[in-house]
Amino acid sequence: MKKLATRQNIDFYHSKVKNNRRFYNRRRKELLFLVLSVSFLMFSCEKEINLNLPEYEPKIVVEGAIESEDYAWVFISKNHGYLDGIDFSSMPTHNSKAILEYLNKYIVLPSVINMNGEIIRASELGLDYPEITVIVSDGAVFDTLQFEVDSAVYSGNFVYPPAKFVGKKIKGELLKKYDLIIHYGDKTYTSTTSIPRISREDFSARFVLDAKSSIYGGIHIMVNDNPVEENFYRFYFKRIGRDNSYSVPQGPALINDMLFNGKSMELPFWRTWDDKETGDPDERGFFRAGDNVSIKICTLDHDHYWFWITARNSSSNFFGQPEKVKGNISGGALGVWGGYGVTYINMKCVPE
């Protein structure tokens with residue numbers, strides 16, 4: 001029988017995550033204070049300061065994944081200067097050529113594109129860029145991925161990514177390795193990833209009411225960790241019938257087993273929300289009694305995990321030295337190619 005994680009470790013995690021919502025609100029107030037302070041200083045200071053930012057080196061940025069029991073996908077974009085804006089939300093709709101001209105500012109496109117059944121060549125738009133071929137292999141089969149624009153783009157609904165290369169031949173399997181090969185002009189970029197073991201029996205979930213509410217609460221997931229290997233976990237949540245897609249929750253959504261290797265650990269989670277959400281304000285940050293929730297649980301290998309950890313730390317470090325993002329693409333490209341072992345818990349939020 002597995003030993004439970006020590007009370008000290010459990011208290012550490014619970015205390016770290018329990019105040020997440022209050023931390024989030026406090027950071028927003030601090031950021032507002034900072035903006036006001038900087039604005040005051042900008043108008044108060046008389047000395048002009050000129051900053052000479054270094055020129056960025058144009059590179060492609062790869063984000064690709066292959067999940068167990070699913071096909072591979074790869075999104076390839078173009079890097080931009082630090083202060084350059086990227087805004088997919090103002091993309092044109094309904095007009096295939098206008099959509100492609102807009103996408104070409106930000107992402108890498110093939111020379112021939114199937115747009116909702118309409119074949120369009122880049123030359124027809126006056127676009128000239130290198131040929132690109134994206135291949136995924138399991139060592140025996142080679143799958144040349146096809147470029148697809150998400151159908152939601154045509155109706156004006158923003159999705160990420162708006163377009164990507166999608167596989168049709170190879171579905172991911174647990175404990176197998178997968179190679180990514182990208183030929184772009186005269187350059188070749190490569191990477192290798194694996195899909196770690198995962199078992200539905202290693203996880204269970206329960207709905208826990210907030211101390212101040214009779215209907216709103218969080219979801220706790222019990223993880224029974226395998227002692228034989230180093231494990232890395234990622235969690236996503238979706239309220240069935242209420243959310244369009246899975247989202248990253250508040251809580252330890254990306255975690256390794258360093259503090260509970262071979263033991264059982266209960267991890268608390270709360271729901272992510274934004275200011276555009278309507279309904280009862282008290283529900284923000286919580287799940288509601290009666291909600292049907294799908295929990296997507298993933299395992300990652302070492303390199304895949306550390307890419308997302310360093311990417312998260314780099315983007316959240318406002319004032320300190322930026323942390324270098326540890327990508328796993330060779331050949332000079334940025335980004336990550338990663339495998340996911342995936343299992344699901346479907347539950348109804350019922351107070352205990």
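The coordinates are above.
Let us look at the structure shown here. (Residues numbered from 1 in each chain as written. Predicted model: local features only at pLDDT ≥ 70, side-chain atom pairs only at ≥ 80, totals over all residues. Heavy atoms only, no water.)

### Section: the pairing of strand S4 (residues 112-115)
Selection rule: With a 1.4 Å probe rolled over the protein chains alone, any residue whose accessible area is under 20% of its type maximum counts as buried; one over 50% counts as exposed, and the rest are partly exposed. Secondary structure elements follow DSSP: runs of H or I of four or more residues count as helices, runs of E of two or more count as strands, with numbering from the N terminus. Should DSSP find at least two bridges between two strands, the strands are regarded as paired.
Here S4 shows one buried face, formed by Ile113 and Met115, and one open face, formed by Val112 and Asn114. Hairpin remark: S4 followed by strand S5 (residues 118-121), antiparallel, with 2 residues in the connecting loop; positive phi at Asn116, about 55 degrees.

### Digging into the sheet that holds strand S7 (residues 142-144)
To be explicit about the condition: Think of each axis as a best-fit line through the C-alpha atoms, taken over the contacting stretch in the case of a helix, with angles from 0 to 180 degrees between the N-to-C directions.
With antiparallel pairing, 4 strands are arranged side by side in an open sheet as S7-S6-S10-S11. Two strands lie at the open edges of the sheet, namely S7 and strand S11 (187-194), each paired on one side alone. Direction aside, the axes of adjacent strands within the sheet are offset by 20 degrees on average. Sheet topology places strand S10 (residues 177-184) next to S11; 8 bridges connect them, and they run antiparallel. Across the sheet, residue Lys177 finds its bridge partner in S11, namely Ser194.

### Topic: helix H3 (residues 96-103)
Filter applied, for reference: In this context, the arc is that of the directions from the helix axis out to the C-beta atoms. By definition in these notes, contact holds between two residues if any of their heavy atoms fall within 4.5 Å.
For H3, the full list of buried residues reads Ser96, Ile99, Leu100, Tyr102 and Leu103. With its buried residues spanning 160 degrees around the axis, H3 presents them on a single face. Buried residues along H3 sit against S4, S5, strand S8 (146-149) and strand S9 (163-171).

### Quick look at the pairing of strand S6 (residues 132-137)
On any regular strand, side chains alternate: one points to one face of the sheet, the next to the other face. Judged by how many residues are buried, S6 sits mostly within the fold: 5 of 6 residues are covered. By the bridge criterion, 3 bridges tie S6 to S7 in an arrangement that is antiparallel. In the strand pairing of S7, Val136 is matched with Asp143. Between S6 and S7, which pair antiparallel in sequence order, lie 4 residues; one of them, Gly139, sits at a positive phi of approximately 100 degrees.

### Observations regarding the pattern of salt bridges
We count it as follows: The rule for a salt bridge is simple: a side-chain nitrogen of Lys or Arg has to be within 4 Å of a carboxyl oxygen of Asp or Glu.
Tallied over the full model, the rule gives 13 salt bridges. For Glu283, the salt bridge identified is with Arg242, shortest N-O distance 2.8 Å. Taken together, the positions of Glu283 in the loop between strand S16 (263-269) and strand S17 (287-288) and Arg242 in the loop between strand S14 (232-239) and strand S15 (254-256) put the pair 41 residues apart, joining distant regions of the chain. Look at the salt bridges and you will find they share partners, linking Arg239, Arg242, Asp243, Glu283, Arg288 and Asp291 into a network.

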